[in-house]
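An overview of the molecular structure
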Amino acid sequence: MKHFRILSATLFATLLFASCSSDDDTPEPVNEEEVITTMTVTLTPEGGGTAILLQSRDLDGDGPNAPTITVSGSLTAGSSYNGTIVLLNETETPAENITLEVEEENTEHQFFYTSSGSLNITTEYSNFDDDGNPLGTQFKLNTGDASNGTFTVTLRHEPNKPNTGLGDAGGETDIEATFNVTIE
Amino acid sequence: MRTYALLILLCSGIVAFSQNCNNTLSGTVTDIHDNTPLVGATLVVAQTEQAVQTDFDGKFEFKNLCNARYSIQVSHPNCLTRGFTITVNGNTEKHFQLEHHLEELNQVTVEGKAHKAKTKTLYENTISKEKLESYSSETLGDALKSLSGVSSLNTGNTVVKPLVNGLHSSRVVIINNGVRMEDQEWGAEHAPNVDVNAMGNLTLIKGAGALQYSGDAVGGVIVADAAKIPIKDSLYGKTIFSAASNGRGTVLTSQLTKSYLNGWYGSVQGTLKRFGDFEAPDYVLSNTGTFERNASLHFGLNKINYGFEAYYSYFKNNIGILRASHLGGAQDQIRAINSDTPLIINDFTYALIAPKQDVTHHLARLKIFKKVQGLGKVSLQYDFQENNRLEYDIRRGDDKFKPSLDLQLDTHTVMVDLDSEISNSFGLKTGLMGRYQKNYADPTTGVRRLIPDYEKYDVGAYLIGDYTISDNLVAEAGARFDYTFMDVYKFYRTSFWESRNYDQLFPDIVVSELDNQILTNPQLNFYNASATAGINYEFGKDYNLMLNYSLASRAPNPSELFSEGLHHSAARIELGDLRFKSEIGHKITLSLQKEGEKFNFALSPFINSISDFIVIEPTSIQQTVRGNFQVWEYRQTQAQLLGFDFDASYAFAPNFRFNHQFSMVKGYDRTQDEPLISLPPVDTKNELVYQNPKLNNIRLALESEYVFRQNEYPNTNFNVYIPATETTETLDVSTPPDAYHLLNFNSSIDFKATTNSTLTVGLGITNILNTEYRNYLNRLRYYADDLGRNFLLTLKLNY
């Protein structure tokens, strides 16, 4: 019977210990550090003038609200623009600039620019990664004749580098935003 | 039914030639299965009407017997009574053995014995130790899959979740050494944290009838137990080493057991399993390796009438998830599905990168029991489990090596059970259970909690009675009630909270509002009743008919209630619902069984109607900055599953046997009038076995497995716009893959290593023809073929 006494004592001690260990504090919120809520593409005319902003903003991240797409104006036919891309995480205050992280891990990232056939646009990369392959947080955009269509910016994580475009880049899509663009 | 017992003559004493009738007859009565002494067995000498009972060590003694032949009747409350004829010549010693069968039928779990039968009116499939050993290098799910009616829901080939008659996860309860596993079983990509090598046997009950364990096993109950340890002085063990070509892996598992006649025993066991990338017929499945380390310790005292048992097990597993399955959104999914080969194929390696899982499970159990005269066997059990799950995703920047998910689930359970025999024909089992569970999601992951912090309290009580109406008819009925209270702290995205109208429905549970999140404190109550009733009728020479009805009620799990956000491993957004009620299943099972020497079979049709069945399926597409994602929402519906399992075995020639299995299950959503998603296709296995005990117990087996195409499935395809090509393409996530046929070979042969040890050498080949195939129930089927050919060499030393 001695066994039982020892065992029961152990058992209740364990239970007592276990039931005391719970704490009633409310949990702390998690601020998602990696979420990209906002992508802003700034197109500055080479000769100077008003920059055109293309923005995709989704403040609830993966939540039910769709991103808000805004295009600040039309592009001018036969012009050249310097493009820069800024990625923000606006769930944090102040907003975190994710572009810096992408530029830091430049060999693991690449932006791609695609446009629908009807839109007379050509693009070229202006910045490159440490291996000399395109990165694309900066680029050059040239417009042709007046037209309209869509312009899509895609960021791929861990793509095959070098590649010939989205078709053989592989990797995972980190961002994808499509803008309706008019050239006048 | 085997009604004969063996009489073993150990001593034929020719000691004295006395004509006096003053000889002594002494000896022991033991269990024929494991030589456990039988306490309280009654021996009656027919001629003299002398009667004695065996003592605690199973010993007896008769005095004043003449040199003559006597008829002795040996009986025991839990054994079949047998008559023996013996010759007394001087002082004689005899050892009697009884078939200790009835005790195993009647008394469940109380002594940690082999669980011969957990219910009386549900057909139970068991996997023996020998069969389990052949799955040494695989998982619990793989071993269970060898049973008819069991398939598996896989994430690759190392995360294998058992599917019983079409149901899985929270609907299949796993009992590991008397402890209900609480290892976050809700996730489809969470495999059971049980080491297949630590188990002595596995039993599957395809229904909720085993109410002593739980009332919410809508699908079924799997009972895994460590090997039974005999009450005798012995020291034994086994070591198994296996090496497999596919995955270039090895497994080493060892077990050592020491037991004493006075009831004390102890056993230690450990497993090391390491595999690198597995291979499909044509390519390496990159990042699919696994590294598993397990250990268990088991000790106790078994004095038949009282004793205790302590068990501890440690399970740790690192599992790689196919690298090519980590996707950014619907547009990536289209690329992956349209490609014949995985998008990422690297050279073979043992190293694991993200995505991967790192799971640790501790399980400790302490149990004491005592037989109380006039009351029955009382047992008290306390168990503790700690499950820590880390999931790593592909991340950026400083978070690269941080887990995306870090959950710790602690569970404490106390149970009191009473197993009494009111009369010879009426047995009653009752019990109470109390459980406390706490989930903690570490916020330092920097990713919103997939499962919120919660505390859960369960209280349960059950009563099961069985009544032997006549020699061949047993009836069983039981009921169980469970109360569950959940105290949850959950952060909702404000946009989701409002889109679901929760701000109107549950304004009272809001604790605080942050920028774009709301902290809530849902407090949920669930009252669940479950019941079972059935009969077991034996007829003919060896036929058996069982009919069982089980009512099971299951409270929704945290994943079903609280999911809200992107699930990276599935590239989809999963949404739960706070308003869910308990799911209630009604299952009727009929089993016709024949257990003959030459021919046996079991046919088990079933029908399972489930109200408020919780199903997750795609409902829409959601746009995010990251691209488009498929939204999978949980909803409740009226479901019905029906099907049958058929097993047959025929020894058509000496040493030859033919085994057959056929399983079919169909499931429908009766509300929406469409098939249920992810149900196993029809499958059949046929096996030809040659086994010759006289020739080193050589065993050669050739198995064919044919898996049909699943023809009934809901169409959940959707359209995605691809900017790169300016096209809208259909993402086909629902069409099941084609039927396939696999051939497997298995062989083993025994050698006597020393006088006390046996070496068994086994050679197996799975997927002999290196067939390319994809399985409908493998979540990675969209991206890669299943496993190619594998050679497996196994060395087992029993000592």
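**Focus: the overall build of chain A**
On a plain count of helices and strands, chain A comes out with three helices and ten strands. Burial status across chain A gives 31% buried among its 184 residues. For chain A, restricting intrachain contacts to residue pairs at least 6 apart in sequence, the fraction spanning at least 24 positions comes to 63%.

**Here we look at the nonpolar core**
Ile175(B), Leu202(B), Val221(B) and Ile222(B) are the most contacted members of the largest nonpolar core, which totals 54 residues. For this core, the leading source of residues is strand β36 (residues 599-624) of chain B, giving five residues. Viewed by domain, this core spans two of them, domain 2 (104-223) and domain 3 (224-228 + 249-262 + 273-798) of chain B, each represented by three or more residues. Those residues in contact with Leu202(B) that sit more than four places away from it in its chain are Thr126(B), Ile127(B), Leu132(B), Ala143(B), Leu144(B), Ile222(B) and Ala224(B). If you look at the next biggest cluster of nonpolar residues, it comprises 27 residues, including Val35(A), Tyr113(A), Leu141(A) and Ala169(A).

**Here we look at the sheet that holds strand β6 (residues 109-115) of chain A**
All names here are of chain A. Within the open sheet, the three strands sit side by side as β6-β9-β10. Their pairing is antiparallel. Of all strands in the sheet, those with a lone pairing partner are β6 and β10 (172-183), marking the two edges. If you compare each strand with its neighbour and ignore which way they point, the axes differ by 15° on average. Sheet topology places strand β9 (residues 147-157) next to β10; eleven bridges connect them, and they run antiparallel. The partner of His157 across the bridge, within β10, is Glu172.

**Here we look at the environment of Ser75(B)**
Residue and element names in this part refer to chain B. Here Ser75 lies in strand β6 (residues 69-75). Here Ser75 falls in the partly exposed class, since 16 other C-beta atoms lie within 10 Å of it. Spatially, the C-alpha atoms of Ser75 and Ala310 are 32 Å apart, while their sequence positions differ by 235 residues.

**Details of the confidence of the model for chain B**
Residues and elements named next belong to chain B. With 94% of its residues at a pLDDT of 70 or more, chain B has an overall mean of 89. Per-element confidence in chain B is highest for strand β19 (residues 278-279), whose mean pLDDT is 97, and lowest for strand β1 (residues 7-8), whose mean pLDDT is 30. Of the regions scoring below 50 in pLDDT, residues 1-18 engages in 28 contacts with residues more than four places distant in sequence or in other chains. In the predicted structure, residues 101-116 sits below a pLDDT of 50 and forms 34 contacts with residues beyond four places in sequence or in another chain. Two numbers describe this predicted complex: its pTM, 0.84, and its ipTM, 0.82.

**Structural notes on the sheet that holds strand β9 (residues 124-127) of chain B**
All names here are of chain B. A sheet is described by the order of its strands in space; here five strands give the open sequence β9-β14-β15-β12-β13, paired in mixed fashion. Here the strands that pair on one side only, and so sit at the sheet edges, are β9 and β13 (179-180). Both strand β14 (residues 201-205) and strand β15 (residues 220-225) contribute to a ladder of five bridges, which runs antiparallel. Pairing of Thr203 across the sheet is with Val223, part of β15.

**Quick word on the pairing of strand β32 (residues 543-554) of chain B**
All names here are of chain B. Taken together, the nine bridges between strand β31 (residues 523-539) and β32 define a ladder with antiparallel strand orientation. Opposite Asn536, over in β32, you have Met546 as the bridge partner. Between β31 and β32, which pair antiparallel in sequence order, lie three residues; one of them, Gly540, sits at a positive phi of approximately 60°. Two strands pair when backbone bridges link them, and β32 and strand β35 (residues 583-595) are joined in this way by twelve bridges, in the antiparallel orientation. Residue Met546 lies in a different strand from β35, and its bridge partner there is Ser591.

Rules and cut-offs
- Residue positions are given per chain, counted from 1 along the sequence in the order it is written.
- All chains are assigned letters beginning at A, and all ligands numbers beginning at 1, according to the order in which they are written.
- In view of the model being predicted, local features appear only for residues whose pLDDT reaches at least 70, and side-chain atom pairs are presented and counted only at 80 or more, with totals across whole chains, interfaces and linings using the full set of residues.
- Helix and strand labels come from DSSP, where a helix needs a run of H or I of at least four residues and a strand needs a run of E of at least two; each type is numbered from the N terminus.
- Any residue surrounded by 20 or more other C-beta atoms within 10 Å of its C-beta is treated as buried, while 12 or fewer makes it exposed and the intermediate range makes it partly exposed; C-beta atoms here are placed from the backbone.
- Each residue gets a C-beta atom placed from its backbone, and two residues are in contact if those atoms lie within 7 Å.
- Take the buried Ala, Val, Leu, Ile, Met, Phe, Trp, Tyr and Cys residues, join any whose C-beta atoms are within 7 Å, and the set you get is a nonpolar core.
- These domain boundaries are the output of an automatic or database domain assignment.
- A pair of strands counts as paired when DSSP detects no fewer than two bridges linking them.
- Helix axes are fitted to C-alpha atoms over the stretch in contact, other axes to C-alpha atoms as well, and angles between N-to-C directions run from 0 to 180 degrees.
- Every residue carries a pLDDT, the predictor's confidence in it, which falls somewhere between 0 and 100.

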